[in-house]
Amino acid sequence: MKKLIVCVNQRVNPGLPSCGARGSEAIAMAIEKDIHDKQLPIELDRTLCLGRCENGPNLRLAPGGKFFYGVCLEDLPDIREEIKAFLNDKD
């Protein structure tokens, strides 16, 4: 099954950037609601790192899909369209 991976890492040191400190949990919850409401055939997985904390919040379509960096709630309509395109991709 295809997935949207959302980094929710919250670093112990508040001086270091992290996706969790920048609102990724709220983003994950909003996307999860959208997936449920629209009955999209994709899973949302929370992870503790996508390796780019300085650019977060970060998301990735998997397998082999697009990365999204610096995501905010206002980006969700565009990400929804990317998810739909990803789900329609036959590869």
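What you see is a predicted model; the values in this text were computed from it and never measured.

Rules and cut-offs
- Residues numbered from 1 in each chain as written.
- Predicted model: local features only at pLDDT ≥ 70, side-chain atom pairs only at ≥ 80, totals over all residues.
- Heavy atoms only, no water.
- Disulfide = S-S within 2.5 Å.
- Buried < 20%, exposed > 50% of the residue type's maximum accessible area, 1.4 Å probe, protein only.
- Pairing = 2+ DSSP bridges.
- Helix = DSSP H or I, 4+ residues; strand = E, 2+ residues; numbered from the N terminus.
- Contact = heavy atoms within 4.5 Å.
- Axes fitted to C-alpha atoms, helices over the stretch in contact; angles between N-to-C directions.

On to the state of the cysteines. Following the criterion strictly, the structure yields 0 disulfides and no others. In this structure Cys7 is not part of a disulfide, and its nearest cysteine sulfur, from Cys19, lies 3.6 Å away. Cys49 takes part in no disulfide bond, and the closest cysteine sulfur, belonging to Cys53, lies 4.3 Å away. What makes Cys49 partly exposed here is its relative accessible area of 42%.

Moving on, we get to the sheet that holds strand S2 (residues 43–47). The mixed open sheet is built from 4 strands, whose spatial order is S2-S1-S3-S4. Strands with a single pairing partner mark the edges of an open sheet, and in this sheet they are S2 and strand S4 (67–68). Looking at chain direction, strand S3 (residues 59–62) and S4 are connected through 2 bridges and run antiparallel. Looking at S4, one finds that Arg60 is bridged to Phe67. The strands touched by helix H1 (residues 24–38) are strand S1 (3–7), S2 and S3; relative to S2, the strand with the most contacts, the crossing angle is about 165 degrees.

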